Structures are given as C-alpha cells and as structure tokens.
Amino acid sequence: EIEIISFNGLTVNCALENNVDLIVRGLRAMSDFEYELQIAHTNRSLDDDFETVFLATATHYSFLSSSVVKEIARFGGEITHMVPQVVAKDLNRLFNS
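Everything in this summary refers to the structure shown in the same document.

Reading guide: rules and limits
Residues numbered from 1 in each chain as written. Predicted model: local features only at pLDDT ≥ 70, side-chain atom pairs only at ≥ 80, totals over all residues. Heavy atoms only, no water. Helix = DSSP H or I, 4+ residues; strand = E, 2+ residues; numbered from the N terminus. Rg over C-alpha atoms; globule rule 2.2 N^0.38 Å. Areas by Shrake-Rupley, 256 points an atom, 1.4 Å probe, with all protein chains shown as cover. Lys, Arg positive; Asp, Glu negative; His and termini not counted. Charge placed at Lys NZ, Arg CZ, Asp CG, Glu CD. Phe/Tyr/Trp six-rings, centres within 6.5 Å; stacked < 30°, edge-to-face > 60°. Salt bridge = Lys/Arg side-chain N within 4 Å of Asp/Glu carboxyl O.

## A word on the overall build of the protein chain
Part 1 of the reasoning: Counting its regular elements, the protein chain contains four helices and two strands.
Part 2 of the reasoning: Written out in order from the N terminus, the α and β elements of the protein chain read α-β-α-β-α-α.
Part 3 of the reasoning: Taken against the 2.2 N^0.38 rule, which gives 13 Å for 97 residues, the C-alpha radius of gyration of the protein chain at 16 Å runs more than 25% over that of a compact globule.
Part 4 of the reasoning: Overall size of the protein chain, expressed as C-alpha extent along the three principal axes, is 45 × 30 × 25 Å.
Part 5 of the reasoning: Total accessible area on the protein chain is roughly 7,500 Å²; 54% of this is exposed by carbon and sulfur atoms.
Part 6 of the reasoning: For the protein chain, the distance from the average site of its 7 positive side-chain charges to the average site of its 14 negative ones is 12 Å.

## Considering the packing of aromatic side chains
Part 1 of the reasoning: Taken as a whole and judged by the stated rule, the model has one aromatic pair.
Part 2 of the reasoning: Ring centres of Phe33 and Phe54 lie 5.8 Å apart, and the angle between their planes is 70 degrees; on these two criteria the pair is classed as edge-to-face. With Phe33 in helix H2 (residues 30-46) and Phe54 in strand E2 (residues 51-56), this residue pair connects regions lying 21 residues apart in the sequence.

## Concerning the pattern of salt bridges
Pairs may arise between side chains of opposite charge once their charged atoms sit close together.
Part 1 of the reasoning: All chains considered together, the criterion is met by four salt bridges.
Part 2 of the reasoning: Among the salt bridges present, the one from Glu51 reaches Arg44, with a minimum N-O distance of 2.7 Å.
Part 3 of the reasoning: Here Asp90 makes a salt bridge to Arg93, at a shortest N to O gap of 2.4 Å. Of this pair, Asp90 and Arg93 both sit in helix H4 (residues 85-96), separated by three residues, roughly a single helical turn.

Laid out in structure tokens, this is it:
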C-alpha cells in the first residue's frame, strides 16, 4: 500500500509514528542524487531499519523544480504541460487573482 502524507519534523520520526520503513524519493539530476543520498544516510543513522528508494524522473521533466514552476506561474506563463491540471489551476489562482 502506498500513501502520501505531509508532516513536520524528522522523516524518521514520522515514519516510526506511521509504521513506515521505506520512503520513495525522486531524482532529476546528479545534484539531486548527492543531496538525497546524504539525507538517506542521515535517516539511516537515526534508524538502522529505515530505507530510501530512489526513482529517476522522465527526461522531459528533469529540468523542473517547484521554484521554476512557481516563478513561471507568478509571471503568468503557461505551466499546464509541467504539472497536473489541479496544481496549475491552484497556482494560477494563487498568483494571478
């Protein structure tokens, strides 16, 4: 079973509270891997049983970041090809109302 949740605090604490022993993280570029590997090792140092699985993004999304999408939306640019329709709608409402 897969569940997506949001939380505040340490990832390993959230995992323990929710009986989770594995998280999935996305990678866009080598720089993401270096950062995410550091976080994965840190989480493992806090909980020996905690696993992180990395998935590479599709090539046509590899340039995207939330900062880039938000900036394009802020200035009225087209983002519907970058994010799900519901996200585009919310961002456009937030920045262009």
